[in-house]
Structures are given as structure tokens and as C-alpha cells.
Amino acid sequence: MKHIVKIMTLLMAISSFWIGLLEMLVVPPNYTWVLPLYFIVLVGCYGLLMVGVGLMRFPTCPQEAGLLQQVVFPLTLMVSLL
Amino acid sequence: MEEQQRNERNKYSIIVPTYNERLNIALLVYLIFKHLKKNVIPLSALFRNVDFEIIIVDDGSPDGTQEVVKQLQQVYGEDHILLRARPKKLGLGTAYSHGLRHASGNFVVIMDADLSHHPKYLPSFIKKQMETGASIVTGTRYVSGGGVHGWNLMRKLTSRGANVLAQTLLWPGVSDLTGSFRLYRKSVLEEVISSCVSKGYVFQMEMIVRASRKGYHIEEVPITFVDRVYGSSKLGGSEIVEYLKGLAYLLVTT
Ligand SMILES: Nc1nc2c(ncn2[C@@H]2O[C@H](COP(=O)(O)OP(=O)(O)O)[C@@H](O)[C@H]2O)c(=O)[nH]1
Ligand SMILES: [Mg+2]
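Computed from a prediction, not measured in an experiment: that's the story for all the values here.

Moving on: the interface of chain B and chain A. Taken together, the contact between chain B and chain A spans 38 residues of the former and 28 residues of the latter. The contact between chain B and chain A buries some 2,800 Å² in all, and 77% of this surface belongs to carbon and sulfur atoms. By the criterion of area lost to chain A, the three top residues of chain B are B:Leu27, B:Arg160 and B:Trp171, representing 16% of everything that side buries. Where chain B meets chain A, there are 1 salt bridge. One can count 8 residue pairs in polar contact (both at pLDDT 80 or more) joining chain B with chain A. Elements represented by at least two residues in the side of chain B that touches chain A include exactly helix H2 (22-36), strand E6 (147-149), helix H6 (153-170), strand E9 (224-226) and helix H9 (237-253) of chain B.

Put into C-alpha cells, the structure is as follows:
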């Protein structure tokens, strides 16, 4: 199954759940109508949050750059003398 | 025991595409030998020396990369260093398949020549593969023990955004999609590479996503990535557009 189909299926499941809510009047209809909006906002927030958290906890390795430089510098001198 | 004897006959072909990497290639080769030609894999005495070859695919670099490689062949031997040059710059994706055609190992490692991929991680790739029997071991920068050095805020932001987008839409099961430091079982690489059409960063992503969809066993090891010390790299705004197109392409074809 192509991946886009999986995602579509997921979206369909969510919207049929929503239509179900609308039909059965479990929640007051005027409230149900804004649920998709909430959903979209939620997805957006999730994305921003993930990017934000990822950016804050972005793994860096300054010590690795130092180590590499220690190896690279003397060798580069040698190579340039060849 | 049988498993060990099989392992003993493993050979690793390290494919290194180069374009204007005169200074880096000598260092890289030196470091590969340093980290593979001693008792680096503490699994068993059998693995004291890892059998490997380095296949350098140079695309007619004007800076004399090939002359340096020929000197390296004199030092390390032509059975260890293979120069498989092409007449002109034909791109990375085809460089891999070109190198692959000349690979005699049953495993293939792909790495950059610019020292962003440090050869000290090669033993952990090999060890991970032996322990898990994985078909692909991919280096990841985004777990503890991994990391990146030399990126500005914008580069980090783009990278995180691209990663979140791909993770949410593709569910690939690996944390680093665009890294290119990887170990493949040769047969698996041959199969996956033949079904890939993308270029640039998307190519790395397509490879791992297709492999994951085909159900191959993929493992990850942490690596650090120090942005290139010598020479120049390319990442423009058009890369982002290409990336988004690639993502859409993968959504409908995998
Ligand atoms: N053979 C070949 N190698 C290339 C080509 N373009 C880049 N490379 C090599 O591929 C590796 C990664 O390239 P780099 O410019 O560092 O890409 P980046 O790290 O993703 O920005 C380096 O070892 C380059 O020398 C090409 O067209 N042909
Ligand atoms: Mg690079």
C-alpha cells in the first residue's frame, strides 16, 4: 500500500469519527463544528513544538571538532610538503 | 562458531566519492587504516584485522585528487586502494553505483571524503552489523552520543524542520534520513540503489525509506558530524524546494 494511502486512511478515520459525533449529537453540534479547526491547530502546534524542542536539544559536538583538528593539522603539513 | 567463520570472511568495500578533495583524501585514507588495521573490534580475536578495500570514485577533479590517490596506492597497495575515476562530474548517486560495480566485498560502506564522516566510527558500524545481523547500519547524528558541529542556527532550523516533516509524513523508522554514512549488505545496496531516482539529499532519504519499506533490517549507530574543514560545500534555497518535491515523490511512490 502506498504511503499516501495510509495517511489518507488515517485522515478518513478521523473525519468519520467526527461525522459520527455530528450525527449522533453526543456533543453539542455548535461545538463539534470547531473540532476540525482544533485538530489542524493541534497538528500545527505539534510540528512547531517538535522543531522547537529539537532545536533546543540539538546535539552538538565542539570537542569532536577540536579532536579532528589535532589529527588534521600535523598531517596536512606533511601532505603539503609531499 | 559457524557464524564466526562466516564473519571472518567478511570483506568491506568502502566507497568514497570525491570531487576536489586533494587534502582530505590522504587524511581519510590514513585514518581508515588507523582505525581498521588493529584490534578494534573486541568481539573475538578472529576479527583482529578487518578485510577491506577503499574504492575512490573521482569525477575528474581539477585539483589533482587523482595524483594524490595514485601516491596513496604506492604506499598502501593497489589491492587496498582502488581508483575508479570518471571523466567528468556526473553526480553523487551515479558515483555510488559506479563504485559498487567494482566492489569485491560482501558489505559496502558509503562515506564522504571531507572528514565530516570520521573513520573512527567504522568499527561501531561493523560491530553493530555483526551483533544484530542487520542488512543496513546507518549513522545517526540525532541521538545521544551523536551530534553536529559547525552549523549555524539557520542550518539547524532547516535540518530540524525537514526532519520533523519527514518523520510525521513518512514514518521511516530511522532518526537520521539525510545522513550518508552507512553500511549496507552489498546485495541489498544493489537492489535498493537500482530503484532510486532522486538526487542530492533526497537520494539518501529515498534509499533508506525504500529499504525500510522493503522490510530490510535497519540498525542505527550514533555518529558525530563535523562540517568540512577544507574545501567548500553546497546548500542553497533550491535544496529546500528539491527536498519538498522529494518528500511528495516518496509519499506517492513508496
Ligand atoms: N564523484 C563525485 N563526488 C562528489 C560529487 N559531488 C560531491 N562529491 C563528494 O561527495 C562527498 C559529499 O559532498 P559535500 O560537498 O561535502 O556534500 P555535503 O557534505 O552534503 O554538503 C564529498 O566527498 C565530495 O567530494 C560528484 O559530482 N561526483
Ligand atoms: Mg560534506
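A few words now on the pairing of strand E5 (residues 136-140) of chain B. Residues and elements named next belong to chain B. Summarising burial for E5: 5 of the 5 residues are buried, a large majority. Both faces of E5 are covered, namely the face carrying Ile 136, Thr 138 and Thr 140 and the face carrying Val 137 and Gly 139. Looking at chain direction, E5 and strand E7 (residues 182-185) are connected through 3 bridges and run antiparallel. In the strand pairing of E7, Thr 138 is matched with Arg 182. The pairing of E5 with strand E8 (residues 218-222) spans 5 bridges and is parallel. Pairing of Thr 140 across the sheet is with Pro 222, part of E8.

The next point concerns the pattern of salt bridges. Residue and element names in this part refer to chain B. In this structure the tally under the stated criterion is 8 salt bridges over all chains. For Asp 59, the salt bridge is made with Arg 86, and the minimal N-O distance between the two is 2.9 Å. You can see Asp 59 sitting in the loop between strand E2 (51-58) and helix H3 (65-76) and its partner Arg 86 sitting in the loop between strand E3 (81-83) and helix H4 (92-101), a full 27 residues away along the chain. You can call Asp 59 buried: its relative accessible area is 6%. Judged by its relative accessible area of 8%, Arg 86 is buried. Put simply, Arg 210 and Glu 206 hold a salt bridge, and the shortest N to O gap is 2.8 Å. You can see Arg 210 and its partner Glu 206 sitting in helix H8 (residues 200-213), 4 residues apart, about one turn around the helix. Relative accessible area serves as the criterion here: at 13%, Arg 210 is assigned to the buried category.

Further remarks concern the UniProt feature "transmembrane region" (unreviewed entry) in chain A. Residue and element names in this part refer to chain A. The sites that carry the UniProt feature "transmembrane region" (unreviewed entry) are, in the present numbering, residues 7-27 and 33-55. Split by type, residues 7-27 is 86% helix and 0% strand. Its first and last C-alpha atoms lie 26 Å apart. Strand forms 0% of residues 33-55 and helix 91%; the C-alpha atoms that close the span are 35 Å apart.

The next subject is helix H7 (residues 186-194) of chain B. Think of an α-helix as 3.6 residues a turn; residues three or four steps apart then line up on the same face. Residue and element names in this part refer to chain B. The set of residues buried in H7 consists of Lys 186, Val 188, Leu 189, Val 192 and Ile 193. Viewed end-on, H7 has its buried residues packed into an arc of 155°, placing them on one side of the element. Buried residues along H7 sit against H4, strand E4 (107-110), E5, E7 and H8.

Thresholds, definitions, all that
Residues numbered from 1 in each chain as written. Chains lettered and ligands numbered in written order. Predicted model: local features only at pLDDT ≥ 70, side-chain atom pairs only at ≥ 80, totals over all residues. Heavy atoms only, no water. Contact = heavy atoms within 4.5 Å. Buried area = accessible area lost by both parts, 1.4 Å probe. Salt bridge = Lys/Arg side-chain N within 4 Å of Asp/Glu carboxyl O. Polar contact = N/O pair within 3.5 Å; in protein donor to acceptor, adjacent residues only side chain to side chain. Helix = DSSP H or I, 4+ residues; strand = E, 2+ residues; numbered from the N terminus. Buried < 20%, exposed > 50% of the residue type's maximum accessible area, 1.4 Å probe, protein only. Pairing = 2+ DSSP bridges. UniProt positions renumbered as here; feature names shortened; annotations may be inferred. Arc of directions from axis to C-beta.

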